[in-house]
Amino acid sequence: MRCEVVTAAGTAKVTDGDGREGAGEGAAGEGVTVEEAAGEEASGALPLPRPLLRSALALYLDLHAHPELPGHEHRTADLLAARLAGHGLAVTRAVGGGHGLVGVLRNGPGPTVLLRTELDALPVTEATGLPYASTAPGVMHACGHDLHIAAVTGAVALLADDRDSWRGTLLVVGQPAEETLSGARPMLADGRLYERFGTPDAVLAQHAAPLPAGTVAHAPGGAPLMAGSIAADVTLHGRGGHAATPHLTVDPVLMAAATVLGLRSVAAQATAPAEQAVLTVGSVRAGERGNITPDTAELSLTIRAFTDSALDRLLAAATRVVRAQAAAAGAPRDPELTVTARSPALLPDPVLTAAVRRAHEGALGAARVLDAAPSTATEDFPYFAAGGTPTAYWLLGTTGVRQWRAARAGGDPVPPNHAPGFAPDVRTALPTGIAALAAAARHVLLGGNGEAGPGGDGETGPGGDGEAAS
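(A) Here's a closer look at the side chain of T117. Within the secondary structure, T117 sits in strand β3 (residues 112–118). Within the structure, T117 has its side chain in polar contact with the backbone nitrogen of I149 (distance 3.3 Å). Once you skip the residues sitting within four places of it in the chain, T117 turns out to touch L80, H145, H148, I149, V152, V173, G174 and Q175.

So, in C-alpha cells, the structure goes:
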C-alpha cells in the first residue's frame, strides 16, 4: 500500500465484550516471541487453536526479519508456497512472471473465494528496536505485508482443517510488487489468473493500518476506501560544467527545485475544491559534488485522486509544469515524463462488503468493526475486480492499546505505514487478521447463507453479545 496515514471515521475506542477497554496490552514497539504470543493471550484475544497461532506467528517473525524488495521476493514466496502446500493446496509458481504464486484447495462443487496477500517490503531502514527487526540493510516490512501473509496462512489452516463444514474452492494469491503497483496486472493479464484457476465469486484482502489492534474497518456502503494513483519519473536535461562558471551551464538542480515548487500547486489548481487530490514529489536526484553542475536531474512523483478524470487532469497539469520550467531555464532538450505505474481507486463491492462486515461482527463483536474514511493511500488490488468480480477489502488495526492511549493523550503519534517505527502489536493484530479472513471466506463458501465464528462452528466471537454468528 503506497500510503502515509490511514484513519478511521468510526470510534477508535477499543473495548472488550463487557465494555472494558483493553484489546491487547502489548505496545506496538515491544518484542514478542513465539512462546509469549502463543502462551499468553492478550485481553480480547480470539479463541484460535494455540498450535495454529504459534505457527502463524513463527512465520511472521521470520518474514519480518527477512524482508525482500519488489521483484526479489523469492524467499518469501518459498515460505508461503511451503505453508500452502502443507495445508493441502496445489501451488503454482511464477504466475505472471516473477514470484507470483497461486494455491488451490478444491473441496467439491460450490463457490470460489480468493484470498490475496502481498509479498514485498519497502526500502526503509527499520528503527523499531525489535528483537526480530529486519536483518536486510535498508529493507523493512514497513507496511504490514508480513502480517498479511501470516494471517492468510492461519485462515487457510482453519479452513483446511474444517473441510466438512464448507464446499467450494479456496484460492490463495501471493502477489509480488504491490508497493510499485506492478504486481497485480501481470498476474491477471500475462498469468491469465482467472482463465487458469477460475473466476472467483469473491476476492478478499485486508491491510494493516494504524488503528487499534483487535479492530477492523470497512468503507461505508458504496464509498471508496483508497484513491487511484499515477506514479511518474521525470528527467530534466541541463548543461553541466564547473560551479565557478554558472553562465556557461544550464543548471538542472535549479530547474528541479523550481519544478518541485511549481508542482506543489498542481493539486489546488487542477481539481475542484470538493475533490480530494494529492501530488507528492518523493525523490530528487542530481549530481555528485558541490563544485560540479550535473547534466541531468531526476524527480519521482505520485498523483492520487478518487476518479480517473481527476488523475488525468493532474497528470496533464504536472506535465505542463515540467515542460514550462524546462523551457524557462533554457534547457537544451525537452524533459521526459514517464508514467511507471497506474492504479484505479479502490471501490469495494457494497453488497459483498456489507455481508463481510456482518461476518466480522459475528466473529469479532460489533464494537470491533469500524467505519473507514477514504484514504489517499493506493493499492493495485482494484485490478482483481476485472470483469465485475466482487471484491471486499478492509483495514486491520495494528496499534497496541497502550500506544494508542498515549497518542490520544498528546504523546508521540502512532507511526504510520511506511515509517521506520511501524511495528504492529502482533499479539492482537495477528489473531484478529486470521479470524477476519476466515470469517469472510467462510461466508462466501457457505453461499452467503450465514457466517460462522473463527472456529467455523458458529461460536460467538470475543466481544460479541452472546449470539452465534449469523
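From this point, things continue past the structure.
(B) Quick peek at the sheet that holds strand β9 (residues 277–286). In spatial order, the strands read β9-β11-β7-β12; together these four strands make up an open sheet with antiparallel pairing. The strands lining the two open edges of the sheet, one partner per strand, are β9 and β12 (336–343). The mean angle between the axes of side-by-side strands here comes to 15°, regardless of whether they run parallel or antiparallel. Pairing of β9 with strand β11 (residues 296–305), which is carried by nine bridges, proceeds in the antiparallel orientation. For A286, the partnering residue across the bridge sits in β11 and is A297. Docked against the sheet, helix α7 (residues 252–263) engages β7 (228–237), β9 and β11, running at close to 10° with respect to β11.

(C) Structural view of helix α10 (residues 350–364). End to end, α10 covers 20 Å across 15 residues, agreeing with the expected 21 Å (1.5 Å per residue, within 8%). Buried positions along α10 lie against β5 (202–212), β6 (216–218), β13 (369–371), β14 (391–399) and α12 (426–445). Backbone nitrogen of V351 and a side-chain oxygen of the N-cap are separated by 3.2 Å at the start of α10; the cap is D349. Of the residues trailing α10, G365 is marked for its positive phi of about 100°.

(D) Local environment of the packing of helix α3 (residues 74–86) against helix α4 (residues 145–160). Packing of α3 against α4 brings their axes to within 10 Å, and their N-to-C directions diverge by 10°. Comparing the axis directions of α3 and α4 gives the class roughly parallel. Contact residues: α3 offers T76, L80, R83 and L84, while α4 offers I149, T153 and V156. A per-class count over the contact of α3 with α4 returns four nonpolar, two polar and one charged.

(E) Seen up close, the pattern of salt bridges. Taken as a whole and judged by the stated rule, the model has 14 salt bridges. In this structure, D62 and R75 form a salt bridge, with 2.9 Å as the shortest nitrogen-oxygen distance. Here R75 lies in helix α3 and D62 lies in helix α2 (residues 50–65), a separation of 13 residues in the sequence. Several salt bridges share partner residues, and in doing so they unite R116, E118, E379 and D380 into one network.

(F) View of α12. Helix length check: α12 (20 residues) gives 28 Å between terminal C-alpha atoms against 28 Å at 1.5 Å per residue, within 8%. Burial runs high along α12: 20 of the 20 residues are buried.

(G) Molecular detail of the packing of aromatic side chains. Per the stated rule, a full pass over the model turns up three aromatic pairs. Between F381 and F384, the aromatic rings sit 5.7 Å apart at their centres with planes inclined by 35°, giving tilted as the arrangement. Under the relative-accessibility criterion, F381 is labelled buried at 0%. Three or more aromatic residues joined by ring pairs make a cluster, and in this case those are F381, F384 and Y393.

(H) Examining the sheet that holds strand β1 (residues 90–93) more closely. Taking strand neighbours across the sheet as the criterion, the eight strands line up as β1-β2-β4-β3-β5-β14-β6-β13 in an open arrangement whose pairing is mixed. Two strands close off the open sheet at either side, each with one partner strand: β1 and β13. Ignoring which end each strand starts from, the neighbouring axes of this sheet average 25° apart. In this sheet, β13 lies alongside β6 in parallel orientation, the contact comprising three bridges. Within β13, the residue paired with A217 across the bridge is L370. On top of the sheet, α10 reaches β5, β6, β13 and β14; it is set at about 40° to β14, its chief contact.

(I) Local environment of the side chain of S300. Mapped onto the elements, S300 comes out in strand β11. Relative accessible area serves as the criterion here: at 18%, S300 is assigned to the buried category. Here D233 takes part through its side chain, which lies 2.9 Å from a polar atom of the side chain of S300. Those residues in contact with S300 that sit more than four places away from it in its chain are A232, D233, T280, V281, G282, S283 and R285.

Conventions adopted
Residues numbered from 1 in each chain as written. Predicted model: local features only at pLDDT ≥ 70, side-chain atom pairs only at ≥ 80, totals over all residues. Heavy atoms only, no water. Helix = DSSP H or I, 4+ residues; strand = E, 2+ residues; numbered from the N terminus. Polar contact = N/O pair within 3.5 Å; in protein donor to acceptor, adjacent residues only side chain to side chain. Contact = heavy atoms within 4.5 Å. Pairing = 2+ DSSP bridges. Axes fitted to C-alpha atoms, helices over the stretch in contact; angles between N-to-C directions. Expected span 1.5 Å × (residues − 1). Parallel < 35°, antiparallel > 145°, perpendicular 65-115°, else oblique. Nonpolar A, V, L, I, M, F, W, Y, C, P; charged D, E, K, R; others polar. Salt bridge = Lys/Arg side-chain N within 4 Å of Asp/Glu carboxyl O. Buried < 20%, exposed > 50% of the residue type's maximum accessible area, 1.4 Å probe, protein only. Phe/Tyr/Trp six-rings, centres within 6.5 Å; stacked < 30°, edge-to-face > 60°.

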